[in-house]
Amino acid sequence: MAFSSANDSESVQLKHKFILGFGFLAIFFSNQGIGILAIPYYQMTLGVDPFLLSIAIKAPVLIASFFAPWIGQVSDRFQSPIGRRRPFLFVFPWLTSLVFGFIWMVPSHWDHSQQLLYFSIMALLFYLLSVCWTVPLKCLAYETSRDSHERTKVMGFITYFLKFAAIFYHWVFPIAQLSIFGGIVIGIQYVGWGVALIFFGLMAMIPAIFIKERHYEPCKITQKTPLLKSIKAVMLSQNMKVLLGLLLIQMTLGSFAASMDYYVLVYHMSDGNVGLGATWKGMLSTCYALAGIVAVPLVIRASKNSAKSPP
């Protein structure tokens, strides 16, 4: 693909960074939204088996990850009057929000096997729909500038939004327990639909409304490289192996720690009081996010210094 305009500015305006930040808030909740509510509600409140629930949470993520490269290719080749990425952001966030809202509508009188089956189906549908807009949105963010340093600044700015979301996302379940809802079952439904409509339906669509894509002119491809062959070529890079290994370790251990500390806080520190444990979890995640916010400018500065240093 080639840019049709040679005088496009490589500097991304501040307002566009804010708009992308709202979109990445939606991506954050697409990654974390199910886990922050499923463990305290499905397992600790309804009593679903924790081991089976953990499989039901993580297996759809793995399945959906295999579709992500294909969605990226589809959005690369998609042609419409409003661009390649934006149509995905107008449709799939709202479909995702509908599924997310219905996840928490599970009847409380069902037995645990029925509740687990319902959750498994809805979670799989949720993650499959999520990749249909999270991948195009990430591509839209990377395409805001052809300058690598400017892209680093954009992603660094977006990180503040992710850390801001991390400050309050574990307060979602304590909010659902407020007395104004008259019970946790009603509370989780109100909060679940609130997260669905605001963070998935609305915020994920904001970049599609206010950001105009760079215009691409299709170029003729003489030879297409199959996806599996492309993946094999990437894996031949030693640096990519190290990077993917670090990502795997971070995601695995991070996910394990984020889940296990919930049980320590609820059953060890709070004697099984889910509400009190969830409050401690919110305080812990808030402190972790604040530490991350402090680290963001340091990482950006280190990236700039490494770019300036001679090879």
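The structure we're discussing is the one just above.
Residues numbered from 1 in each chain as written. Predicted model: local features only at pLDDT ≥ 70, side-chain atom pairs only at ≥ 80, totals over all residues. Heavy atoms only, no water.

Q: Which parts of the structure should I look at to understand the nonpolar core?
A: A general feature of soluble globular proteins is that nonpolar side chains tend to end up buried together. Ranked by internal contacts, the top residues of the largest apolar core, which has 73 residues, are Phe29, Ile34, Tyr42, Phe100, Ile103, Trp104 and Phe119. The contacts of Tyr42, once residues within four sequence positions are left out, are Leu37, Gly47, Val48, Leu53, Ile103, Trp104, Val106, Gln115, Tyr118 and Phe119. (Core = buried A, V, L, I, M, F, W, Y, C linked by side-chain atoms within 4.5 Å. Buried < 20%, exposed > 50% of the residue type's maximum accessible area, 1.4 Å probe, protein only. Contact = heavy atoms within 4.5 Å.)

Q: When you look at the packing of helix H3 (residues 86–103) against helix H4 (residues 112–142) in this model, what are you seeing that I'm missing?
A: For any two helices packed against each other, one specifies the inter-axial angle together with the distance between the axes. Two elements in contact, H3 and H4, have axes separated by 9 Å at closest approach and are oriented at 155°. Taken together, the axis directions place H3 and H4 in an arrangement best described as roughly antiparallel. Here H3 and H4 pass one another in a crossing that is left-handed. Residues Phe88, Leu89, Phe92, Pro93, Leu95, Thr96, Val99, Phe100, Phe102 and Ile103 of H3 form the contact with H4, whose own contacting residues are Tyr118, Phe119, Met122, Leu125, Phe126, Leu129, Ser130, Cys132, Trp133, Pro136, Leu137 and Leu140. Looking at the contact of H3 with H4 residue by residue, the class counts come to 20 nonpolar, two polar and no charged. (Axes fitted to C-alpha atoms, helices over the stretch in contact; angles between N-to-C directions. Helix = DSSP H or I, 4+ residues; strand = E, 2+ residues; numbered from the N terminus. Parallel < 35°, antiparallel > 145°, perpendicular 65-115°, else oblique. Left-handed = near helix turned anticlockwise from the far one by under 90°. Nonpolar A, V, L, I, M, F, W, Y, C, P; charged D, E, K, R; others polar.)

Q: Whenever I open this one, the packing of aromatic side chains confuses me. Can you help?
A: Each aromatic ring pair is characterised by the separation of its centres together with the angle its planes make. Per the counting criterion, the structure on display carries 24 aromatic pairs. Considering the side-chain rings of Phe18 and Phe157, the 5.0 Å spacing of their centres and the 75° angle between planes classify their relative orientation as edge-to-face. Of this pair, Phe18 sits in helix H1 (residues 14–43) while Phe157 sits in helix H5 (residues 148–168), placing them 139 residues apart in sequence. Residue classification places Phe18 among the partly exposed positions, given a relative accessible area of 37%. Ring plane angle 85° and centroid distance 5.0 Å describe the contact between Phe28 and Tyr169, whose orientation is recorded as edge-to-face. Of this pair, Phe28 sits in helix H1 while Tyr169 is found in the loop between H5 and helix H6 (172–176), placing the two residues 141 residues apart along the sequence. (Phe/Tyr/Trp six-rings, centres within 6.5 Å; stacked < 30°, edge-to-face > 60°.)

Note that all results are geometric; they support no functional claim without further evidence.
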